[in-house]
Amino acid sequence: QVQLVESGGGLVQAGGSLRLSCAVSGSIFSINTMAWYRQAPGKQRELVAAIISGGSTNYADSVKGRFTISRGNAKNTVWLSMNSLKPEDTAVYYCKVVRGTFDYWGQGTQVTVSS
């Protein structure tokens, strides 16, 4: 089992920055992907950014150049640094890790960007 706890969400003005953290515990060996997703009201959950075991990353087009995903060497923490935030970034942000064929999700953290 893997447990994930997100933190760092909050209310910020447009143009501001936030850094989300996801603490990962439990059976963290063989984790091959760590990612952030978000879900806005009335919308489907979408991939924001991901980092795979080799260290390569990919981002949603809407956040490229503004968001950065990174992780600790022990793969027990993953961060999402968010700059130049926009009102359309408002959503609940979820951390996800993939271990083998299983996906593990955190409980989510709210990010609200005011205009």
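See the structure printed just above.
Residues numbered from 1 in each chain as written. Predicted model: local features only at pLDDT ≥ 70, side-chain atom pairs only at ≥ 80, totals over all residues. Heavy atoms only, no water.

1. Considering the state of the cysteines
Turning to step 1, where the next piece is worked out: Applying the stated criterion to the full structure yields 1 disulfide.
Turning to step 2, where the next piece is worked out: Disulfide partner of C22: C95, at an S-S distance of 2.2 Å. Taking the sign of the S-S torsion, about -85° here, the bridge from C22 to C95 comes out left-handed. On the criterion of sequence distance, the pair formed by C22 in strand 3 (residues 18-26) and C95 in strand 9 (residues 91-99) is long-range, its members being 73 residues apart.
Turning to step 3, where the next piece is worked out: Residue classification places C22 among the buried residues on the basis of a relative accessible area of 0%. (Disulfide = S-S within 2.5 Å. Helix = DSSP H or I, 4+ residues; strand = E, 2+ residues; numbered from the N terminus. Buried < 20%, exposed > 50% of the residue type's maximum accessible area, 1.4 Å probe, protein only.)

2. Some remarks on the packing of aromatic side chains
Turning to step 1, where the next piece is worked out: One pass over the full model with this rule turns up 2 aromatic pairs.
Turning to step 2, where the next piece is worked out: Taking 6.4 Å as the distance between ring centres and 80° as the angle between the ring planes, the aromatic pair formed by Y94 and W105 counts as edge-to-face. Taken together, the residues span a long stretch of sequence, with Y94 in strand 9 and W105 in strand 10 (residues 102-105) at a distance of 11 residues.
Turning to step 3, where the next piece is worked out: Judged by relative accessible area, Y94 falls into the buried class, the value being 14%.
Turning to step 4, where the next piece is worked out: On the accessibility criterion, W105 (34% relative accessible area) is partly exposed. (Phe/Tyr/Trp six-rings, centres within 6.5 Å; stacked < 30°, edge-to-face > 60°.)

3. Focus: the sheet that holds strand 1 (residues 2-7)
Turning to step 1, where the next piece is worked out: Ordered by their spatial adjacency, 4 strands build an open sheet running 1-3-8-7, and the pairing between neighbours is antiparallel. Each edge of the sheet is formed by a strand with only one pairing partner; in this case those strands are strand 1 and strand 7 (67-71). Across this sheet, the average inter-strand angle for adjacent strands is 15°, counted without regard to direction.
Turning to step 2, where the next piece is worked out: Two elements, strand 3 and strand 8 (residues 77-82), share 6 bridges in a ladder whose sense is antiparallel. Of the residues in strand 8, the one forming a bridge with R19 is S81. (Pairing = 2+ DSSP bridges. Axes fitted to C-alpha atoms, helices over the stretch in contact; angles between N-to-C directions.)

4. Let's talk about the environment of G26
Turning to step 1, where the next piece is worked out: Looking at the secondary structure, you find G26 in strand 3.
Turning to step 2, where the next piece is worked out: Separated by 47 residues in sequence, G26 and N73 have C-alpha atoms that sit 16 Å apart.
Turning to step 3, where the next piece is worked out: Not counting residues up to four positions away in its chain, the partners in contact with G26 are Q1 and Q3. (Contact = heavy atoms within 4.5 Å.)

5. Some thoughts on the nonpolar core
Turning to step 1, where the next piece is worked out: Ranked by internal contacts, the top residues of the largest apolar core, which has 29 residues, are W36, L80, M82 and Y93.
Turning to step 2, where the next piece is worked out: Secondary structure elements with two or more residues in this core: strand 1, strand 3, strand 4 (31-39), strand 5 (46-52), strand 7, strand 8, strand 9 and strand 11 (109-114). (Core = buried A, V, L, I, M, F, W, Y, C linked by side-chain atoms within 4.5 Å.)

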